[in-house]
Structure formats: C-alpha cells, structure tokens
Amino acid sequence: MIKTGIGLLQNTPLPETVRLTKRVEELGYDSVWYAEHNFSRDGVTACAAAAAVTERITIGPSVCPIFTRSPLLMATTFAALDELSEGRFVAGIGAGSRVLIKAQGINFVKPLKALREYVEACRKVWNAHGSHFDYHGEMVHLDNAELDFEPVRRDLPVWLGPTGPLACQLTGEIAEGASLNAFLGTEYVTWALEHLHKGAERGGRTLDDVEIGMMLVACVDDSKEAARAFLRPLLALYLARLPDITRRTSVWGPDGAGWKQLVAAVDEGGGEGGQHLISDEVIDDLTLNGTRDDCLEGMQRYIDAGVEHPIITAIGDIERGIEELAPQG
C-alpha cells in the first residue's frame, strides 16, 4: 500500500509551518517530515509543535544529523517526541552532509560506523528504563546510561537517510525505513534498492522489512515552463554544492568537466549564474514539476521504480503544492 507524506524545508516561520502541518493532516496525508540542515529552523522543534497540534499523522525529522547531537540526547529527545505524539514519531537519523557538518567545525569521521553505533545506542537507551548500561563502540561511548521515564514505545521505528551504496546497505540491514535523498532520479531508486536488498540479506531480512521513502521536490505551477524556470537556479545551486548527491545522479558526477563548469558558474554568480547549465531534461529527471497532473505523473514514475512512501517536498507555492497533490479518496 502506497503512503504519501509531505516534507517541509523549514523555510517558513514556525507558526506558518504549524498551520500547514494541520492542513496536511486534514487533507489525508500519511506523514509529515521536517528537514534539518545548517541554516534553517531545526527539525526537533517543528516535530514537537506538530505533535501538539495533530492527532493521526506520523511525524519525523528528515533527518537529524548524528554529529550535531550526542547519542544520549538524541535518544531521549526522540523518546520525548514519541511521548508527546502518543506513539506517532519516527526517528529519522542520518550522517548528514560532510560539507555542512564540517562547516560547523565538527569532525565528520567514519560516518557509517558512527551511524550504526548511534542506532545501537539509541535502541539501548529506549530499552533502559529501570536499568543502567554501558556502551563502548569505536565512535560512541556511554557510561552508566539510563532513561529515567517510561517510554511510550521501546521500539521506536528508525528511518535512515542514505545516499551512497554502503549507507543504503546499512539501512537495509538495521533500519525500519529509508528516506532517500531528493534531487535524484528513478535510475537512482533502482540502484539504491539493489544495495538496500543486499544489506537486508546481510541482516537476515528482506526488503519487506524496510519501508522505502523518498523526498521528492515538487513545484506545482500553471505550466512546466513556469515550474522549470523556478527550479533551474535552485537545482544549479544544489548540484554544485552537494557533490555526494551529484555523484549519484545520471547527469554528471562531481569529477566530470560538466560539474566543474557548474561549480565555477555558481561560485561566480550563485544559482542564477549556473542555471543555464541545467537543462529541461535534468529538471524533469530530478523533480516533479508543472501542473498537478504533470507532478502526479512524475510521482508515479518513482512509485513504479519502487518508492512506497513518496514524501512530497513542495517548493515555490508550498500551499498550492500541498493542496493539489493531496491523496485522492
């Protein structure tokens, strides 16, 4: 059964985000997710606000970077959010972008090892009410840790945000869900599923044990031309600044001449300076854009490729996107 979520990028004031969240639930979406990155509002505050004003919808961050929080703080925060939402919270966790993490003066070291250990440590914390434990991994160390309140659930679902092959394999091995990155095409979905499957087999599981979600950037407008014009500078900026994502596109890898040309253009003139290098084909491959029907047709391509839980990230006229792409019936 296909579920549909909404992803909010935290680029609106929190009162407006709360209003949109309430509307998302009214429209029948299954989930709402809040981005967390360097320069905008954090995901935890938005999740708490959402939990307080909704009754049914699943809530989660997409995703909280591990290196910006201790594992104990992350685990207790997530347990508290699950309590506030009465068991509707999903623990969205990821290594984060090495570019954005290092820009904060935080070491980005052995992200896969750290991610595995964070998940193990969080699960131990959620099961530690009434007991104490030590955890000593290579990257994570806890002494005499506990959870001093009874959690609503000791088995909070963990969704990881993988991009590369080893991260996808780790997700298939240990997580309840995958939140695949935005601005990647359906060829990437096929590739990622192969690695998720490989990891699931390693963990004695199948892909049926992992819910496949994906952030899908959507710009709903009166025409594809208008939507593409809005998306073009944004996509130029994103692909130039995040090589870990660009490496997985079918456009160019970050070692190619085309990508280097894009970076130079963006360095000189921002997204507007690099937008001439972003073709219509690239925009259509990596986003949902155009009229409602255009966007729904684009989303179906991802569903056909294996995405079970598309997470629509509306940009431009955010409210229009949420309203027009709402689940039918």
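The preceding data block contains the structure.
Rules and cut-offs
- Here the residue numbers are simple positions, counted from 1 along each chain's written sequence.
- Reporting in this predicted model follows two pLDDT cut-offs: at least 70 for local features of residues, and 80 or more for side-chain atom pairs to be given and counted; totals over whole chains, interfaces and linings ignore these cut-offs and use all residues.
- The side-chain figures draw on all heavy atoms in the structure; neither hydrogens nor water molecules are used.
- To get an axis, a line is fitted to the C-alpha atoms, and for a helix only the part in contact is used. The angle between two axes follows their N-to-C directions and goes from 0 to 180 degrees.
- The helix and strand labels rest on DSSP assignments: H or I over at least four residues marks a helix, E over at least two residues marks a strand, and numbering proceeds from the N terminus.
- An angle below 35 degrees is treated as roughly parallel, one above 145 as roughly antiparallel, one from 65 to 115 as roughly perpendicular, and anything else as oblique.
- Helix crossings get a hand from a simple test, with the near helix turned counterclockwise from the far one by less than a right angle marking a left-handed crossing and a clockwise turn marking a right-handed one.
- Here, residues are in contact when the closest pair of their heavy atoms is within 4.5 Å.
- In the scheme used here, Gly and all other residues not listed as nonpolar or charged are polar, with Ala, Val, Leu, Ile, Met, Phe, Trp, Tyr, Cys and Pro taken as nonpolar and Asp, Glu, Lys and Arg as charged.
- A pair of Phe, Tyr and Trp rings is counted when the ring centres sit within 6.5 Å of each other, with Trp represented by its six-membered ring. The angle between the planes then sorts it: under 30 degrees is stacked, over 60 is edge-to-face, the rest tilted.
- For each residue, the accessible area found with a 1.4 Å probe, counting protein chains only, is set against the maximum for its type, and the residue is called buried under 20%, exposed over 50%, and partly exposed in between.
- In the cavity and pocket records, a cavity denotes points on a 1 Å grid over the protein atoms alone where a 1.4 Å probe fits but cannot get out, a pocket denotes an open set with protein on both sides within 12 Å along at least 5 of 7 lines, and lining residues are residues with an atom within 4 Å of a point.
- Grid points are joined across faces, edges and corners, and a volume is the space filled by probe spheres set on the points.
- Put simply, buried Ala, Val, Leu, Ile, Met, Phe, Trp, Tyr and Cys residues joined by side-chain atoms within 4.5 Å make one nonpolar core.
- When a carboxyl oxygen of Asp or Glu is within 4 Å of a side-chain nitrogen of Lys or Arg, the pair counts as a salt bridge.

S.K.: Can you tell me about the packing of helix α7 (residues 186-202) against helix α12 (residues 292-305), naming the residues and giving the values?
M.R.: Where α7 meets α12, the closest approach of the two axes is 9 Å, and the angle between their N-to-C directions is 20 degrees. The angle between the axes of α7 and α12 places the two elements in the roughly parallel class. Taken as a pair, α7 and α12 cross one another with a handedness that is right-handed. Facing Thr186, Val189 and Leu193 of α7, the residues of α12 in contact are Arg301, Tyr302 and Ala305. Taken together, the residues of the contact of α7 with α12 break down into four nonpolar, one polar and one charged.

S.K.: Which residues make up the packing of aromatic side chains, and what are the values?
M.R.: To describe a pair of aromatic rings, you give the distance between the ring centres and the angle between the ring planes. Within this structure, the stated rule accounts for five aromatic pairs. Seen from their ring centres, Phe78 and Phe89 are 5.1 Å apart, and the 50 degrees between their planes marks the pair as tilted. Of this pair, Phe78 sits in helix α3 (residues 71-84) while Phe89 sits in the loop between α3 and β5 (91-94), placing them 11 residues apart in sequence. Judged by its relative accessible area of 1%, Phe89 falls in the buried class. For the ring pair Tyr188 and Trp191, a centre distance of 5.5 Å and an interplane angle of 35 degrees mean the geometry is tilted. Here Tyr188 and its partner Trp191 are both found in helix α7, three residues apart, which amounts to about one turn of the helix. Take Trp191: its relative accessible area is 25%, and that puts it in the partly exposed class.

S.K.: Hey, could you go over empty space enclosed by the protein for me, with residue numbers and the actual values?
M.R.: Overall, the coordinates contain two cavities of 30 Å³ or more when judged by the stated rule. There is about 40 Å³ of room inside the largest cavity. For the largest cavity, the full set of lining residues is Gly7, Leu8, Leu9, Gln10, Asn11, Thr12, Leu20, Ala314 and Ile318. Partitioning the lining of the largest cavity into residue classes produces five nonpolar, four polar and no charged. Approximately 30 Å³ is the volume found for the second largest cavity. Considering the residues around the second largest cavity, the lining is formed by Ala182, Phe183, Leu184, Met214, Met215, Leu216, Val217, Leu286, Thr287, Leu288 and Tyr302. With four residues, strand β10 (residues 211-220) is the single largest residue contributor to the lining of the second largest cavity. In terms of residue class, the lining of the second largest cavity is built from 10 nonpolar, one polar and no charged.

S.K.: Let's hear about the environment of Phe183: which residues, and what values?
M.R.: Among the structural elements, Phe183 can be located in the loop between β9 (177-180) and α7. The exposure class assigned to Phe183 is buried, which follows from its relative accessible area of 5%. Spatially, the C-alpha atoms of Phe183 and Met74 are 27 Å apart, while their sequence positions differ by 109 residues. Once residues lying within four places of it in the same chain are set aside, the contact partners of Phe183 are Val217, Leu234, Leu235, Tyr238, Ile245, Thr249, Leu286 and Thr287.

S.K.: An account of the packing of helix α2 (residues 43-53) against α3 is needed here, citing residue identities and associated values.
M.R.: Geometrically, a packed helix pair is captured by the angle between its two axes and the distance between the axes. Across the interface, α2 lies against α3 with an axial gap of 9 Å and an inter-helix angle of 20 degrees. Here α2 lies roughly parallel to α3, going by the angle between them. In this structure, α2 meets α3 at a crossing whose hand is left-handed. Two secondary-structure elements touch here, α2 through Val44, Cys47, Ala48 and Ala51 and α3 through Thr77, Leu81 and Leu84. Residue composition of the contact of α2 with α3, by class: six nonpolar, one polar and no charged.

S.K.: Let's hear about the nonpolar core: which residues, and what values?
M.R.: Counting 79 residues, the largest nonpolar core has Tyr29, Phe78, Ile93, Trp126, Leu160, Met214 and Ile322 as the members making the most contacts within it. Broken down by element, this core gets its largest block of residues, eight residues, from helix α5 (residues 111-126). When sequence neighbours within four positions are dropped, the list of residues in contact with Trp126 reads Ala75, Phe78, Ala79, Ala91, Leu147, Pro151, Arg154, Leu156 and Val158. Counting 24 residues, the second largest nonpolar core, distinct from the first, contains Ala182, Phe183, Trp259 and Val263.

S.K.: Quick rundown of the pattern of salt bridges? Include the residues and the values.
M.R.: Enumeration over the complete set of coordinates arrives at 21 salt bridges. For Arg69, the salt bridge is made with Glu36, and the minimal N-O distance between the two is 2.6 Å. Of this pair, Arg69 sits in the loop between β4 (64-65) and α3 while Glu36 sits in the loop between β2 (31-34) and α2, and the two are 33 residues apart along the sequence. As far as burial versus exposure is concerned, Arg69 and Glu36 are alike and both buried. For Arg123, the salt bridge goes to Glu176, with nearest N and O atoms at 3.1 Å. You can see Arg123 sitting in helix α5 and its partner Glu176 sitting in the loop between α6 (165-174) and β9, a full 53 residues away along the chain. Taken together, the shared-partner salt bridges connect Lys224, Arg228, Arg232, Asp280 and Asp284 into one network.

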